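Here is what each chain is made of, one letter per residue.
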Amino acid sequence: MDLEEQILKVLRAMGANDRPATISFLARRFGTSAALVAGSAQAMVNRGVAQPSMIDVRGTPTLHGLLPQPKVLAEPAPAILG
């Protein structure tokens, strides 16, 4: 299982009231560097599979962690084939 799959597994296990999974937390959990996790996290945000948790560092928004994508509450309408 690659790092992004492991991160997604952690995000899917999160509840609605959980705090964001920080880059440092994920790096410690998987025994890897924060730089490697940050790169994977940014790629996941860019692809839309995770939401960023941002903080301001001297006025600059900085990726601090990840949140799972919100679950869609309504089922998509079935396609009408005709």
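This text follows the structure it describes.
Residues numbered from 1 in each chain as written. Predicted model: local features only at pLDDT ≥ 70, side-chain atom pairs only at ≥ 80, totals over all residues. Heavy atoms only, no water.

Participant: When you look at the packing of helix α2 (residues 23–30) against helix α3 (residues 34–47) in this model, what are you seeing that I'm missing?
Facilitator: Helix-helix packing is described using two parameters, namely the angle between the two axes and the distance between the axes. Interaxial distance between α2 and α3 falls to 8 Å at its minimum, and their mutual angle equals 115 degrees. As α2 runs across α3, the sense of the crossing is right-handed. Taken together, the residues of α3 that come into contact with α2 (itself represented by Ile23, Leu26 and Ala27) are Ala34, Val37, Ala38 and Ala41. (Axes fitted to C-alpha atoms, helices over the stretch in contact; angles between N-to-C directions. Helix = DSSP H or I, 4+ residues; strand = E, 2+ residues; numbered from the N terminus. Left-handed = near helix turned anticlockwise from the far one by under 90°. Contact = heavy atoms within 4.5 Å.)

Participant: What is the right way to read the sheet that holds strand β2 (residues 50–57) from this model?
Facilitator: Spatially, three strands are ordered β1-β3-β2 in an open sheet, and the strand pairing comes out antiparallel. Both edges of this open sheet fall to β1 (21–22) and β2, since each of them pairs with a single strand only. Bridging between β1 and strand β3 (residues 60–68) involves two bridges; their strand directions are antiparallel. By the bridge assignment, Ala21 is partnered in β3 with Leu66. Along the sheet, helix α1 (residues 3–12) contacts β1, β2 and β3; its crossing angle with β3, the most-contacted strand, is approximately 70 degrees. (Pairing = 2+ DSSP bridges.)

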